[in-house]
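Chain residues, written in single-letter form:
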Amino acid sequence: MKTSKRAVIFGSAPCKDWGFLTRYLQGGEWVIAADGGRRQAQAAGLTPDRYVGDGDSGGWPEGLESVVLPEEKDVTDLEAAISLAFRLGCDELLLTGCTGGRFDHYLSNCCLLEQIHDRGGRGLLVDEMNEIRYLTAGRTVVRSDPPYRYLGLLPLDRVLKNVSIHGTKYVLDGVDVPRGGTLTVSNEILPGGPAELSIGAGCALLVRSVPQF
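Keep in mind that this is a model prediction, so the values were computed, not measured.

**Student:** What am I meant to see in the overall build of the protein here?
**Tutor:** Looking only at helices and strands, the protein has three helices and 14 strands in total. Radius of gyration (C-alpha) of the protein: 18 Å, near the 17 Å computed for a compact globule of 213 residues. Dimensions of the protein, computed from C-alpha atoms along their principal axes, come out at roughly 55 × 35 × 35 Å. Classification of the 213 residues of the protein by burial places 46% in the buried group. In the protein, once contacts between residues fewer than 6 apart in sequence are set aside, the share between residues at least 24 apart is 60%. When the accessible area of the protein is evaluated, it comes to approximately 10,900 Å², of which 51% is carbon and sulfur surface. On the protein, the mean spot of the 22 positive side-chain charges and the mean spot of the 27 negative ones are 5 Å from each other.

If you want it as structure tokens, here you go:
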């Protein structure tokens, strides 16, 4: 029986090269497939420990402990997989295979990071180019970590209060940032890092990205 408090949850979005996951995996994590995520986990060289889904994008696997959901339901397969991870005792959740495709799913998957936080866990959503985490008021240290070059802070509240950012190309000191503004998009950590972010009030998504070209 696994005792790890970490889980990697695969959605059904495909990826050309799953090699980026190696920087996040420590070994011993629960591997949970949200429906078609079963195929993506296998493509990444991992064997799912659990399956959650309604079968509309992956089918039910033989011989794998499964939570079979009805096709018409009130939550997505991914949200159900997150709930299963908490029932298994996990509080560090890595979500992948959850970006691209239908934009309503993409955005709702980002918002699930807040749900993970509210349930007492820590969530991280990753793909080949991006790493997304949920931040609340307080101080956050972001290390310089190639290949990530860009740093973006996206307010979720109407106004993100008293934002300071240091150790970056563009510095802020106690600025209020409105939701929808682009002031805190496309910053860069200075060589040697780390960067320090401080939020007085509000919540946001912190996005680290690699250069596209």
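**Student:** Just to check I follow, could you spell out the environment of Arg-179 for this structure?
**Tutor:** Examined against the element boundaries, Arg-179 turns out to sit in the loop between β11 (172-178) and β12 (187-188). A residue is classified by how much of its surface remains accessible, and Arg-179, at 44% relative accessible area, is partly exposed. Along the chain, Arg-179 and Leu-154 lie 25 residues apart, while their C-alpha atoms are 7.1 Å from each other. When sequence neighbours within four positions are dropped, the list of residues in contact with Arg-179 reads Pro-155, Leu-156, Asp-157 and Arg-158. At 2.9 Å, the side chain of Arg-179 and the backbone oxygen of Leu-156 are in polar contact.

**Student:** Teacher, can you tell me more about the nonpolar core here?
**Tutor:** Nonpolar side chains in soluble globular proteins tend to end up buried together. In this structure, Ile-9, Ile-32, Ile-82, Leu-93, Leu-95 and Leu-113 are the most contacted members of the largest nonpolar core, which totals 27 residues. Only β1 (6-10), β2 (30-34), α2 (77-87), β5 (92-96), α3 (103-118), β7 (130-135) and β14 (204-209) provide two or more residues apiece to this core. Beyond its immediate stretch of four places on either side in the chain, Ile-32 contacts Ala-7, Val-8, Ile-9, Phe-10, Arg-50, Val-52, Ala-81, Leu-84, Ala-85 and Leu-88. By size, the runner-up hydrophobic cluster in this structure holds 15 residues, among which are Val-142, Ile-189, Ile-199 and Leu-206.

**Student:** Would you mind showing me how to read the sheet that holds strand β13 (residues 195-199) here?
**Tutor:** Strands pair in a sheet through their backbones, by hydrogen bonds, and they do so in one of two ways: parallel or antiparallel. Spatial strand order, β8-β13-β10-β11: four strands in an open sheet with antiparallel pairing. Either end of the sheet is taken by a strand with one partner, and the two such strands are β8 (138-142) and β11. Across the sheet, the mean angle separating the axes of adjacent strands is 25 degrees when strand polarity is ignored. Two elements, β8 and β13, share five bridges in a ladder whose sense is antiparallel. Opposite Val-142, over in β13, you have Ala-195 as the bridge partner.

**Student:** Any chance you could explain the packing of α2 against α3 here in plain terms?
**Tutor:** The packing of two helices is summarised by the inter-axis angle and the distance between the axes. Relative to each other, α2 and α3 sit at 25 degrees, their axes nearing to 11 Å. Compared by their axis directions, α2 and α3 come out roughly parallel. The crossing of α2 and α3 is right-handed. Across the interface between the two elements, Leu-78, Glu-79, Ile-82 and Phe-86 of α2 pack against Asn-109, Leu-112, Gln-115 and Ile-116 of α3. When the residues that make up the contact of α2 with α3 are grouped by side-chain class, the tally is five nonpolar, two polar and one charged.

**Student:** Can you help me understand the pairing of strand β10 (residues 159-166) in this one?
**Tutor:** Consecutive side chains of a regular strand alternate in pointing toward one face of the sheet and then the other. Relative to β11, β10 is paired through four bridges, and the arrangement is antiparallel. Bridge pairing links Val-163 to Val-175 in β11. Taken together, β10 and the strand that follows it, β11, pair antiparallel across an intervening segment of five residues, in which Gly-167 is found at a positive phi of about 80 degrees. In the sheet, β10 pairs with β13 via three bridges, with the strands oriented antiparallel. Looking at β13, one finds that Ile-165 is bridged to Leu-197.

Cut-offs used in this document
Residues numbered from 1 in each chain as written. Predicted model: local features only at pLDDT ≥ 70, side-chain atom pairs only at ≥ 80, totals over all residues. Heavy atoms only, no water. Helix = DSSP H or I, 4+ residues; strand = E, 2+ residues; numbered from the N terminus. Rg over C-alpha atoms; globule rule 2.2 N^0.38 Å. Buried < 20%, exposed > 50% of the residue type's maximum accessible area, 1.4 Å probe, protein only. Contact = heavy atoms within 4.5 Å. Areas by Shrake-Rupley, 256 points an atom, 1.4 Å probe, with all protein chains shown as cover. Lys, Arg positive; Asp, Glu negative; His and termini not counted. Charge placed at Lys NZ, Arg CZ, Asp CG, Glu CD. Polar contact = N/O pair within 3.5 Å; in protein donor to acceptor, adjacent residues only side chain to side chain. Core = buried A, V, L, I, M, F, W, Y, C linked by side-chain atoms within 4.5 Å. Pairing = 2+ DSSP bridges. Axes fitted to C-alpha atoms, helices over the stretch in contact; angles between N-to-C directions. Parallel < 35°, antiparallel > 145°, perpendicular 65-115°, else oblique. Left-handed = near helix turned anticlockwise from the far one by under 90°. Nonpolar A, V, L, I, M, F, W, Y, C, P; charged D, E, K, R; others polar.

Scope: geometric values only; no functional claims are made or implied.
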